Amino acid sequence: MGLLDILLGRTRPVAPDLDQLFALPSAAVTLEAAAGFTPTGVGAVCFATVEGAAFEQTHREVQALLDADADRTGPPVELSQDGYGYSWLVSRRSPGQLPQLVNDLHAVNSSMELNGFGPQLLCSLAAFEDGRGRRLGLVYLYKRGTFYPFAPLPGTAERRDSALELQVKAALAGDLRTEQDLSRWFPVWGAPGL
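Along every chain, residues carry numbers that run from 1 in the direction the sequence is written. Side-chain atom pairs in this predicted model are given and counted only at pLDDT of 80 or more, local residue features only at pLDDT of at least 70, and totals for whole chains, interfaces and linings cover all residues. For side-chain calculations, the full set of non-hydrogen atoms in the structure is used, while hydrogens and water are omitted.

### A closer look at the packing of aromatic side chains
The pairing test for Phe, Tyr and Trp rings, Trp by its six-membered ring, is centres within 6.5 Å, and the orientation test on the planes gives stacked under 30 degrees, edge-to-face over 60, and tilted for anything in between. In this structure the tally under the stated criterion is 3 aromatic pairs. A ring pair is formed by Tyr-140 and Phe-147, whose centres lie 5.1 Å apart and whose planes are at 55 degrees; its orientation type is tilted. For the pair formed by Tyr-140 and Phe-147, the shared burial category is buried. Taken together, a centroid distance of 5.1 Å and an interplanar angle of 75 degrees make the contact between Phe-150 and Trp-189 edge-to-face. When a residue's accessible area, from a 1.4 Å probe over protein chains only, is under 20% of the maximum for its type it is buried; when over 50% it is exposed; and in between it is partly exposed.

Take a look at the structure:
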């Protein structure tokens, strides 16, 4: 970073640190103890929609990689699109297999990054729920290397439970690198598992 960058207030972007995803299993223990939320077994990687042969090849590689897992039942990765035009690669595991789900999310992110689709990666998400039926997503911002909680309220209206999100942020402060800029806690309406 040069003097001109400092004077103009430019900052160097944070390099993605996909290894931060491996903190999710220990954070899940804290989350269950503090707020009663447990993993649902659904995780997803969100990216700007990509078309073409190169992406199809990458999708097939990810599918083959995750198909090689003997513990998996059902389709390893399904591709879906939300109402906002973003694509999601979704992995489904049993709720007790959060470490394996995190491995899936890491593998999908890494494969896309290695194949030149890093700029299209937006976030990864692991879904949780509590005994009252509330849903919560722990969202990893790829370009920031940080997490934030997203708690949509049940129903058709796009509303979120901000008080719960702040409670989860405080509970997980020692477990996850949390995004401190609340304006970057983007809602992920229509995310798989939420």
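Having put the structure on the table, let's press on.
### Focus on the sheet that holds strand E2 (residues 78-81)
In short, DSSP must find at least two bridges between two strands for them to pair. The way it works is that DSSP assigns letters per residue, a run of H or I at least four long becomes a helix, a run of E at least two long becomes a strand, and they are numbered from the N terminus. What the 6 strands build is an open sheet, ordered E2-E3-E1-E4-E5-E6; its pairing is antiparallel. With one partner strand each, in any of the chains shown, E2 and strand E6 (146-150) form the two edges of the open sheet. Taken pair by pair, the neighbouring strands of this sheet meet at an average axis angle of 25 degrees, ignoring direction. Alignment of strand E1 (residues 38-48) against strand E4 (residues 121-129), held across 7 bridges, turns out to be antiparallel. Bridging from a neighbouring strand, Phe-47 pairs with Leu-121 of E4. Whenever a helix is involved, its axis is fitted only over the stretch in contact; in every case the axis is a line through C-alpha atoms, and angles between N-to-C directions fall within 0 to 180 degrees.

### So, helix H3 (residues 53-67)
Helix length check: H3 (15 residues) gives 21 Å between terminal C-alpha atoms against 21 Å at 1.5 Å per residue, within 8%. Considered for burial, the residues of H3 that qualify are Phe-55, Thr-58, His-59, Val-62 and Leu-66. Mapping the buried residues of H3 onto a view down its axis gives an arc of 100 degrees, with all of them on the same face. Note on definitions: a residue-residue contact is assigned when non-hydrogen atoms from the two residues lie within 4.5 Å. Contact partners of the buried residues in H3: E1, E2, strand E3 (86-92) and helix H4 (98-117). Expected helix span is computed as 1.5 Å times (number of residues minus one). For this quantity, the arc is that covered by the directions from the helix axis to the C-beta atoms.

### Looking at the nonpolar core
Residues belong to one nonpolar core when they are buried, are Ala, Val, Leu, Ile, Met, Phe, Trp, Tyr or Cys, and are joined through side-chain atoms within 4.5 Å. Within the largest apolar cluster, 38 residues are counted, with the highest numbers of intra-cluster contacts made by Leu-31 and Phe-128. Of all elements in the fold, only helix H2 (24-35), E1, H3, H4, E4, strand E5 (135-141) and helix H5 (162-171) reach the threshold of two or more residues within this core. The biggest single contributor to this core is H4, with 8 residues. Excluding its chain neighbours within four sequence positions, the residues that come into contact with Leu-31 are Gly-36, Phe-37, Phe-128, Leu-136, Leu-138, Val-168 and Leu-172. Core analysis: the second largest hydrophobic core is formed by 16 residues, Cys-123, Ala-127, Phe-150 and Trp-185 among them.

### Things to note about the side chain of Asp-82
Tracing the chain through its elements places Asp-82 in the loop between E2 and E3. Only four residue types enter the charge count, namely Lys and Arg as positive and Asp and Glu as negative; His and the chain termini do not. We define a salt bridge as a contact between a side-chain nitrogen of Lys or Arg and a carboxyl oxygen of Asp or Glu at a distance within 4 Å. Here Asp-82 occupies a buried position and makes no salt bridge, while the nearest side chain of opposite charge, Arg-92, is found at 13 Å. Separated by 2.9 Å, the side chain of Asp-82 and the backbone nitrogen of Tyr-84 make a polar contact. Excluding its chain neighbours within four sequence positions, the residues that come into contact with Asp-82 are Trp-88, Trp-189 and Gly-190. Two N or O atoms count as a polar contact when they lie within 3.5 Å, although within protein this holds only if one can serve as hydrogen donor and the other as acceptor, and sequence-adjacent residues are included solely when both atoms are side-chain atoms.

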